[in-house]
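Now for the letters of each chain:
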Amino acid sequence: MKSYLLPQFLIDRDDYRCIRCEVCARQCAFEVHWYDEEEDAVFADESKCVGCLRCATLCPTNALVVRHNPTQHPPNANWTREVLQNIYKQSETGGVLLTGMGCDKDYPIYWDRIVLDASQVTNPSIDPLREPMELRTYLGAKPDALKVGRKGGKPSLETRITPQLKLETPIMFSAISYGAISYNACESLARAAAEAGTYYNTGEGGLHRNLYKYGEHTICQVASGRFGVHADYLEVAAALEIKIGQGAKPGIGGHLPGEKVSAEISRTRMIPKGTDALSPAPHHDIYSIEDLAQLIYALKEATHWSKPVSVKIAAVHNSAAIASGMVRAGADIIVLDGIRGGTGAAPTMIRDNVGIPIELALAAVDDRLRQEGIRNRASIVVAGGIRSSADVVKAIALGADAVYIGTAALVALGCHVCQKCYTGKCNWGIATQDPYLSKRLNPEVGARRLVNLLRAWSHEIMEMLGGMGINAIESLRGNRLRLRGVGLTREELDILGIKHAGA
């Protein structure tokens, strides 16, 4: 069948600069480039190009330019190029459209429509270079009040504090499973979390035995498929997370293609080698808040009540009511994942059209828990499209205790967001199980890049806090008076709980 699909990218090769070194041919897992010895020239099959830019980045003479194909279908506001291309794909394959990473639709990004207030004279700013600035954050249930007595003539805390996660910066690495990404990528995240004093999340793929040494900085996920969940896995974790939903695909389960289930992943996930890892959409033992409470209790019992338990849901219209039930069921941490959350593989239509922006869900959940007087009984962590230190600060002012970053972390490792993670052919050695490709990512270098990112963001957070006259991140949490909206409707401002700029 003749394909009606136009190449998404075009490759311009400067023949004068090209030295026929074949780096582009060796580096491309999609087999776009090849060298013709008889012609003494390098050619490209542009229909296979995914725009990962590996070839252009590593070309020693800068002979390559990868650009979007300017050839356009006739202009039509309804039948856009994307819509037509999707129909062509499905009429040629008869399959569900798959994609990776997060939603790329032009929905409003509320972080970009919110600005921060600053201090000037009556409440002067603080210089973080010369004065102490506190970013340390504790995640977990907090008591309603503290009872202090005296022991040996000294003050003594009598209130029992439940287990807490101690973060040196309010940023953690989001749930990304071993299988969706390579072992080297997992190790990079683990090393960086340990060095930076924060945590990374295993996702629903279990934990490779070689990474148990990072257990004190590991959040182990318990998802609907229960992949890799066993006593040692639960015991080694610093915290446990029950994954009910994720922002990239609310209401559906996970899928790791069989070609990515290598021998190591088979052992880690406890499934047969080469078989698809399909996690069901619901947990088949959770159909009510009471069922959720039972699993939370079971996990706490299994780990001797020594670890906080979080529950992760996708941001949907009734997230606030769900979160209230989760707190009452005993969750120590609520994780909200918005519509821009990334993934290794998801149906394109689900990723782009199901769920709501994280900013709106966060504001609604924080409001609901405060109104019910239970906000202190659980911390809130948000994920799904956190791109910068400014997003982190705004999220905390809206009511979050901390954030997860996933896509941003992978970009720090080299990801170019080509959205082809599900193919297993990641040219940057991240979303692949191919040994030849995986070794392109050095865990030591990857960890250094991630630590640098967290360090840079933390410095910027301190600068912004100082500019607001705040010397501790704790004082910003839920302080929406320090936020102002720009170009938002009255309804949007009301949901976010902030005033318009100039008000």
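Residues numbered from 1 in each chain as written. Predicted model: local features only at pLDDT ≥ 70, side-chain atom pairs only at ≥ 80, totals over all residues. Heavy atoms only, no water.

Draft legend 1. Inspection of the overall build of the protein chain at higher detail. Helix and strand counts for the protein chain stand at 15 helices and 23 strands. Here the C-alpha radius of gyration of the protein chain, 24 Å, is about what a compact globule of 503 residues would show, namely 23 Å. Taking the principal axes of its C-alpha atoms as reference, the protein chain extends roughly 90 × 55 × 45 Å. Long-range contacts, defined as pairs at least 24 residues apart, comprise 70% of the intrachain contacts of the protein chain with a sequence gap of at least 6. Looking at the protein chain as shown, the accessible area adds up to about 23000 Å², and 53% of this sits on carbon and sulfur atoms. With 56 positive and 55 negative side-chain charges, the protein chain shows a spacing of 4 Å between the two charge centroids. (Helix = DSSP H or I, 4+ residues; strand = E, 2+ residues; numbered from the N terminus. Rg over C-alpha atoms; globule rule 2.2 N^0.38 Å. Contact = heavy atoms within 4.5 Å. Areas by Shrake-Rupley, 256 points an atom, 1.4 Å probe, with all protein chains shown as cover. Lys, Arg positive; Asp, Glu negative; His and termini not counted. Charge placed at Lys NZ, Arg CZ, Asp CG, Glu CD.)

Draft legend 2. Looking closely at the sheet that holds strand E6 (residues 114–116). Taking strand neighbours across the sheet as the criterion, the three strands line up as E6-E22-E23 in an open arrangement whose pairing is mixed. The open sheet has two edge strands with one neighbour each: E6 and strand E23 (499–500). Strand direction decides the pairing type here: strand E22 (residues 483–485) and E23, joined by two bridges, are parallel. Looking at E23, one finds that Arg 484 is bridged to Lys 499. Together, E6 and E22 form the strand contacts of helix H11 (residues 389–398), whose direction differs from that of E6 by roughly 90°. (Pairing = 2+ DSSP bridges. Axes fitted to C-alpha atoms, helices over the stretch in contact; angles between N-to-C directions.)

Draft legend 3. Layout of the packing of aromatic side chains. Taken as a whole and judged by the stated rule, the model has four aromatic pairs. For the ring pair Tyr 178 and Tyr 183, a centre distance of 6.2 Å and an interplane angle of 75° mean the geometry is edge-to-face. The lysine or arginine in question, Arg 54, covers the ring of Trp 428, its NZ or CZ lying 4.7 Å from the ring centre. (Phe/Tyr/Trp six-rings, centres within 6.5 Å; stacked < 30°, edge-to-face > 60°. Lys NZ or Arg CZ within 6 Å of the ring centre and 35° of its normal.)

Draft legend 4. Here's a closer look at the sheet that holds strand E11 (residues 171–175). With parallel pairing, the eight strands of this closed barrel are ordered in space as E11-E12-E13-E14-E17-E18-E20-E21. Relative to strand E17 (residues 309–314), strand E14 (residues 239–243) is paired through four bridges, and the arrangement is parallel. The partner of Ile 242 across the bridge, within E17, is Val 311. Along the sheet, helix H10 (residues 358–371) contacts strand E18 (333–337) and strand E20 (379–383); its crossing angle with E20, the most-contacted strand, is approximately 170°.

Draft legend 5. Representation of the state of the cysteines. By the definition in use, this model includes zero disulfides. Cys 415 takes part in no disulfide bond, and the closest cysteine sulfur, belonging to Cys 421, lies 6.2 Å away. Free of any disulfide, Cys 418 has its nearest cysteine sulfur in Cys 52, 5.6 Å distant. For Cys 418, a relative accessible area of 22% translates into the label partly exposed. (Disulfide = S-S within 2.5 Å. Buried < 20%, exposed > 50% of the residue type's maximum accessible area, 1.4 Å probe, protein only.)

Draft legend 6. Focus on helix H7 (residues 289–302). Look at H7: 20 Å from first C-alpha to last across 14 residues, which is about the 20 Å you get at 1.5 Å a residue. Listed in full, the buried residues belonging to H7 are Leu 292, Leu 295, Ile 296, Leu 299 and Lys 300. In an axial view of H7, the angular spread of the buried residues amounts to 135°, which keeps them on one side of the axis. Exposed side chains of H7 directed beyond 90 degrees from the buried face belong to Glu 290 and Gln 294. Positive phi appears at His 304, one or two residues downstream of H7, with a value of about 60°. (Expected span 1.5 Å × (residues − 1). Arc of directions from axis to C-beta.)

Draft legend 7. Geometry of the environment of Val 23. Of note, Val 23 is situated in helix H1 (residues 23–27). By relative accessible area, Val 23 is classed as buried at 17%. C-alpha separation for the pair Val 23 and Pro 60, spaced 37 residues apart in sequence, amounts to 8.3 Å.

Draft legend 8. Spotlight on the pattern of salt bridges. Scanning the model with the defined rule gives 29 salt bridges in all. Its salt-bridge partner being Arg 191, residue Glu 187 comes within 3.0 Å of it at the nearest N-O pair. Placement of the pair is Glu 187 and Arg 191 together in helix H4 (residues 183–196), with a separation of four residues, close to one helical turn. In this structure Glu 187 comes out as buried when scored by relative accessible area, which is 11%. In this structure, Asp 391 engages Arg 387 in a salt bridge whose closest nitrogen and oxygen atoms are separated by 2.9 Å. The buried category is assigned to Asp 391, whose relative accessible area is 2%. Residues participating in the shared-partner salt-bridge network are Asp 366, Asp 367, Arg 370, Arg 375, Asp 401, Arg 477 and Arg 480. (Salt bridge = Lys/Arg side-chain N within 4 Å of Asp/Glu carboxyl O.)

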